[in-house]
Amino acid sequence: MSKNVVIIGGGIIGLCSAYFLLKEGYQVTVVDQSNLNSGTSYVNAGYLSPSHIIPLSAPGVMKKGLKWMFNSSSPLYIKPRLNLDFLKWAWAFNKSCNADHVTRSAPLIRDIAVLSQKLFYEIKSTEKFTAHYEKKGLFMLCQTQKMLDEELKLVAMATVLGLEAKGVTPSEIKELEPNVEIDTIGGAYFKCDHHTTPHEFMKDMKDYLHKAGVTFYLNEKVEDLVVEKQNIKALKTNKQSLNVDEVVLAAGSWSSLLSKKLGLKLLLQAGKGYRINTEKPTGITIPAILTEAKAAVTPMNGFTRFAGTMEITGINDNINKVRVDAIAHAAKRYYPTVELTHSEKEMAACGLRPISPDGLPYIGKSTRCPNLTIAAGHAMMGWSMSTATGLLVSEIISNKKTSLNIDGFHPDRRF
């Protein structure tokens, strides 16, 4: 009889884990506290981006965060608060903001993102998913020389790591993107990047898993774990008790709350991001990062999405209109002919990205619990790393040699 694996969390990481575990012959159950129709897996920029090789905890980020702390419209907003978990995370995050960490992390991020991109396309092709998927690359658009110099350094770093990237002038950008006015002094073009429409892939994956026999318990919150001799024997939700052989913790920003029940102090903070959609034609065909504003633009299937900001204010789904306006202003600054309307801004949505102190995900088993596999803490790269994470989870539970070296993602690592 095959093992019963229960996955806590039905976002993109949880669903990809279910997909690969199913392929290994496990009985799979997914438990999620939502109806699986909202959250980060639905409001993200849809990037499959090997180009994003720099972790969030990069040199100077904490300094910027402190400078922007009292500006609620800044690209990175960290709300100061006397919360022990937050203070421990902030201390560890600050320790990780150094050049050596970036040098060590970049190849790890590249490897998992490249594998994930390959698997994403293979799943879409093999299972005949109809979700939108394009290989158009990604612009990094700059309006200041300082930012342009930084992006060209990133191009050099990415090229050394085997990624296809180059600097581009305004005229070269215009040649690639002729149907919209762009205010930029130049930038970078990462041809290695792809993009998708997230809710379409999520629907395809949910439909596939349903038909393949995965059990879903939605609108159920896991409230407690029954543990015997360090192993989880059952999960107690607000509706029932579920016996388990193996557990996958893929609950995003909520993962640290559940890990505490095992005495595992998983340092995680919720980083809120926002998105605004417009169905009006924009002329935009290539995704772009508006570098100074830290905003993202994605031409999706039937609409254009403007997304971004990082707001570390705890677990909540409150919409901060100041930050929504900041994204809209950024769109107008870089694309002067694009005007996001009041009603479009009123329809803005947010999602919580789980951020570890070093910007790398937690993937693997903690020594504290042999039958728990953790898959959380992917920050802004959850979509980009999702399919590879799912494959790694299935390999870990099956005691197979993993497709990548995952030592750098170990849940017990110290900061």
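The structure we're discussing is the one just above.
For the structure given in this document, a descriptive report is provided here. (Residues numbered from 1 in each chain as written. Predicted model: local features only at pLDDT ≥ 70, side-chain atom pairs only at ≥ 80, totals over all residues. Heavy atoms only, no water.)

### Here's the deal with a nonpolar patch on the surface
As a reminder of what qualifies: Residues forming no salt bridge and having over 30% relative accessible area are the ones grouped into patches, like charges within 9 Å of each other and nonpolar side chains (Val, Leu, Ile, Met, Phe, Trp, Tyr) within 5 Å. For every accessible area listed, the method is Shrake-Rupley and the probe measures 1.4 Å; residues are considered covered only by the protein chains on display. When a carboxyl oxygen of Asp or Glu lies within 4 Å of a side-chain nitrogen of Lys or Arg, that pair is called a salt bridge. For the purposes of this entry, the term helix denotes a DSSP run of H or I that reaches at least four residues, the term strand denotes a run of E that reaches at least two, and both are numbered from the N terminus. Only protein chains enter the accessibility calculation, which uses a 1.4 Å probe; a residue whose area is less than 20% of its type maximum is buried, one above 50% is exposed, and one in between is partly exposed.
On the surface, a cluster of nonpolar side chains totalling about 250 Å² of accessible area is made up of W254, L257 and I315. Looking at the secondary structure, you find I315 in the loop between β18 (303-312) and α10 (321-334). You can call I315 partly exposed: its relative accessible area is 38%.

### With respect to the packing of aromatic side chains
What counts, and what does not: In this analysis, rings of Phe, Tyr and Trp, with Trp reduced to its six-membered ring, are considered paired at centre separations within 6.5 Å, and the interplanar angle assigns stacked below 30 degrees, edge-to-face beyond 60, and tilted for intermediate values. Here, a charge over a ring means that NZ of Lys or CZ of Arg falls within 6 Å of the ring centre while also lying within 35 degrees of the ring normal.
A complete count under the given rule lists 12 aromatic pairs for this structure. Ring geometry for F201 versus W383: centroids 6.1 Å apart, planes at 80°, classification edge-to-face. Residue F201 is found in helix α8 (residues 198-212), and its partner W383 is found in helix α12 (residues 382-397); the two are separated by 182 residues along the sequence. Summarising the burial analysis for this pair, F201 and W383 share the class buried. Through pairs of rings, three or more aromatic residues link up here, namely Y19, F20, F120, Y121, F129, Y133, F201, Y208 and W383. Lying across the ring of F86, R81 places its NZ or CZ 4.2 Å from the centre. Geometry around Y121 places K135 over its ring, the cationic atom sitting 4.0 Å from the centre.

### Examining the sheet that holds strand β3 (residues 47-48)
Condition: In this description, strands pair whenever DSSP reports at least two bridges between them.
With antiparallel pairing, 3 strands are arranged side by side in an open sheet as β3-β9-β5. Each edge of the open sheet carries a strand with a single partner, namely β3 and β5 (133-134). Here 2 bridges tie β3 to strand β9 (residues 194-196), and the two strands are oriented antiparallel to one another. Directly across from Y47, in β9, lies its bridge partner H195.

### Regarding the nonpolar core
To be explicit about the condition: The definition of a nonpolar core used throughout is a set of buried Ala, Val, Leu, Ile, Met, Phe, Trp, Tyr and Cys residues joined through side-chain atoms within 4.5 Å. By definition, residues are in contact when any of their heavy atoms lie within 4.5 Å.
Grouped together as the largest cluster of nonpolar side chains are 50 residues, with contacts concentrated most on L21, F201, M205 and L209. Contributions of two or more residues to this core are made by β1 (4-8), α1 (12-23), β2 (27-31), α5 (99-126), α8 and α12. With 9 residues, α1 is the largest single contributor of residues to this core. When neighbours within four sequence positions are excluded, F201 is seen to be in contact with I12, F120, I123, F129, A131 and W383.

### A look at unusual backbone geometry
Located in the positive-phi region is K229, a residue other than glycine, with phi close to 50°. Positionally, K229 belongs in the loop between β11 (222-228) and β12 (231-237).

### Looking at the environment of V168
Here V168 shows up in strand β7 (residues 165-168). Taking the relative accessible area as the measure of exposure, V168 reaches 7% and is therefore buried. Setting aside residues no more than four positions away along its own chain, V168 makes contact with I173, G186, G187, A188 and Y189.

### Considering the packing of α5 against α12
Counted only if it meets this: Convention adopted: a line fitted to C-alpha atoms gives each axis, helices being fitted over their contacting stretch, and angles between N-to-C directions are expressed from 0 to 180 degrees. For classification purposes, an angle smaller than 35 degrees is called roughly parallel, one larger than 145 roughly antiparallel, one from 65 to 115 roughly perpendicular, and anything else oblique. Residues are sorted three ways: Asp, Glu, Lys and Arg are charged, Ala, Val, Leu, Ile, Met, Phe, Trp, Tyr, Cys and Pro are nonpolar, and all the rest, Gly among them, are polar.
α12 packs onto α5 with a crossing angle of 85° between their chain directions and a minimal axis gap of 7 Å. As the angle between them shows, α5 and α12 are arranged roughly perpendicular. On α12, the residues touching I109, I112, A113, L115, S116, L119, F120 and I123 of α5 are W383, S384, M385, S386, T387, A388, T389, L391 and L392. Looking at the contact of α5 with α12 residue by residue, the class counts come to 12 nonpolar, 5 polar and no charged.

### A short note on the state of the cysteines
Spelled out, the test is: Any cysteine sulfur atom paired with another within 2.5 Å is treated as part of a disulfide.
Overall, the coordinates contain 0 disulfides when judged by the stated rule. Cysteine C192 is unpaired, with the sulfur of C142 as its nearest cysteine sulfur at 16 Å. By relative accessible area, which is 12% here, C192 ends up buried.

### Brief notes about the sheet that holds β11
Spatially, 3 strands are ordered β11-β12-β13 in an open sheet, and the strand pairing comes out antiparallel. Only two strands of the sheet have a single neighbouring strand rather than two, namely β11 and β13 (241-243). Going from strand to strand, the sheet's axes swing by 25° on average, the running direction of each strand aside. Summarising the sheet, β11 and β12 pair through 6 bridges and their orientation is antiparallel. In the strand pairing of β12, V222 is matched with T237.

### A word on the packing of α1 against α12
For clarity, the threshold we go by: Left-handed is the label given to a crossing in which the near helix is rotated counterclockwise from the far helix by less than a right angle, and right-handed is the label when the rotation is clockwise.
The contact between α1 and α12 brings their axes to 7 Å, and the two run at 40°. Here α12 runs oblique to α1, going by the angle between their axes. Remark: the crossing between α1 and α12 carries right-handed chirality. Where α1 abuts α12, its residues I12, I13, C16, S17, F20 and L21 lie against G382, W383, S386, T387, T389, G390, L391, V393, S394 and I397. Its residues placed into classes, the contact of α1 with α12 shows 9 nonpolar, 7 polar and no charged.

### A few points about α5
Which entries qualify depends on this criterion: Multiplying one less than the number of residues by 1.5 Å gives the expected span of a helix. Bend at a given residue is defined as the angle between two axes, one fitted to the seven residues that end at that position and one fitted to the seven that begin there. Pairing of N or O atoms within 3.5 Å defines a polar contact, subject to two protein rules: one partner must be a possible hydrogen donor and the other a possible acceptor, and residues neighboring in sequence count only if both atoms are side-chain atoms.
Here α5 is 28 residues long and its end C-alpha atoms lie 40 Å apart, about the 40 Å a rise of 1.5 Å per residue gives. Of all bends in α5, the biggest is about 30°, found at S105, and the proline P107 comes one to four residues later. You can read the cap of α5 off the contacts: a side-chain oxygen lies 3.2 Å from the backbone nitrogen of D100, and it is on N98. Backbone geometry just after α5 places K128 at a positive phi near 60°.

### Things to note about the pairing of strand β6 (residues 138-142)
Buried residues dominate β6, accounting for 5 of its 5 residues. Burial of β6 is two-sided: the residues L138, M140 and C142 facing one way and the residues F139 and L141 facing the other way are all buried. Bridge analysis of β6 against strand β8 (residues 186-190) gives 5 bridges, and the strand direction is antiparallel. Among the inter-strand pairings, C142 is bridged to a residue of β8, identified as G186. Looking at chain direction, β6 and strand β16 (residues 288-290) are connected through 3 bridges and run parallel. Residue pairing across strands places L141 opposite L290, the latter belonging to β16.

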